[in-house]
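# Coordinates in review
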Amino acid sequence: MTSVIKTINLSRHFGQGDTLVKALDEVNITIKKGEFTAIIGPSGSGKTTLLQLIGGLDETSAGNVILDDKNISDMSGQELSDFRRDHIGFVFQAYNLIPVLSAKENIEYIMLLQGVSADERHRRVEHIMAQVGLTGLASRRPTQLSGGQQQRVAIARAMVSNPSIILADEPTANLDSRTGMALIDMMKKLNEQEQMTFVFSTHDPKIMESARRIITLEDGRVVDDFVK
Ligand SMILES: Nc1ncnc2c1ncn2[C@@H]1O[C@H](COP(=O)(O)OP(=O)(O)OP(=O)(O)O)[C@@H](O)[C@H]1O
């Protein structure tokens, strides 16, 4: 299998001297196409930092991130933002839904930026909304949807333009455990059907169990990497 994500001695430090925090410390991970991987670890262990660096949302202190055989650490701002748009789907708290847009418009947004035709956008939105169980809710604004439905919109939005990688930072946080599990089962199904690579962080032991690979971070280092 091809490797989609590779980190080489990836480090991210914050502060200096007495206040130096090694949020990530020489992390080497290879994730292959179609893997469904959970990143776990105690609070402050570096999960969000790792997902942000893999997604090109933050700058490395040292080391490299290779996505689809391209070194994103070498890319300029515009090149990186185009690459992100075309290769990565984000389900991040900071990238939440746009409140003034309907569910359908939120999902369509990136395809508009990509210049996808109206017919094709419509076709893809209908398809993905059915896949994530949102049929009939297209015209609702985020505030008119439950937390679980909003997360489904966020996942549909991340997946609709067929990125090779989906990065999700605690996608089930703020959901009750049944809704959280249903959401993870849906992600897993999509992962199996579409062969997209999923990497997500979680604190929830039940969610961890449903991952096929679990990478554990502690103090910015990989302390365990377990494939079922
Ligand atoms: N912008 C920043 N400035 C300074 N320190 C930071 C910054 N971002 C993260 N850190 C520190 O880096 C370490 C890793 O943080 P990170 O958010 O990646 O952890 P996490 O495993 O995602 O935690 P949580 O489970 O609580 O979300 C922490 O010690 C954190 O305080």
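Structure first, text after, so check above.
All of the points below concern the structure found in this document. Just so it is clear, the structure is predicted and the values come from calculations on it, not from any experiment.

## Topic: the sheet that holds strand β10 (residues 221–227)
- Reading across the sheet, the 6 strands line up as β6-β7-β8-β3-β9-β10 and stay open at both edges, with mixed pairing between neighbours. Looking at which strands have only one partner, the edges of the open sheet turn out to be β6 (88–91) and β10. Recorded for the sheet is a direction-independent mean angle of 15° between the axes of neighbouring strands.
- On the sheet, helix α5 (residues 147–159) packs against β6 and β7 (165–169) and is oriented at approximately 170° with respect to β6.

## Looking at the site of the ligand
- Surveying the vicinity of the ligand reveals the residues F14, V21, A23, G41, S43, G44, S45, G46, K47, T48 and T49.
- Looking at the shell around the ligand, the elements that each hand over two or more residues are β2 (21–32) and α1 (47–54).
- Looking at the shell around the ligand element by element, the count peaks at 3 residues for α1.
- Taken together, the residues of the shell around the ligand break down into 3 nonpolar, 7 polar and 1 charged.

## Some points on the packing of helix α3 (residues 103–113) against α5
- Packing of α3 against α5 brings their axes to within 8 Å, and their N-to-C directions diverge by 25°. Overall, the two elements α3 and α5 adopt an arrangement that is roughly parallel. For the crossing formed where α3 meets α5, the hand is right-handed. Contacts from A103, N106 and I107 of α3 reach α5 at V153, A156 and R157.
- Counted by class, the contact of α3 with α5 contains 4 nonpolar, 1 polar and 1 charged residues.

Calculation notes
- Residues numbered from 1 in each chain as written.
- Predicted model: local features only at pLDDT ≥ 70, side-chain atom pairs only at ≥ 80, totals over all residues.
- Pairing = 2+ DSSP bridges.
- Helix = DSSP H or I, 4+ residues; strand = E, 2+ residues; numbered from the N terminus.
- Axes fitted to C-alpha atoms, helices over the stretch in contact; angles between N-to-C directions.
- Contact = placed C-beta atoms within 7 Å.
- Near = placed C-beta within 6 Å.
- Nonpolar A, V, L, I, M, F, W, Y, C, P; charged D, E, K, R; others polar.
- Parallel < 35°, antiparallel > 145°, perpendicular 65-115°, else oblique.
- Left-handed = near helix turned anticlockwise from the far one by under 90°.

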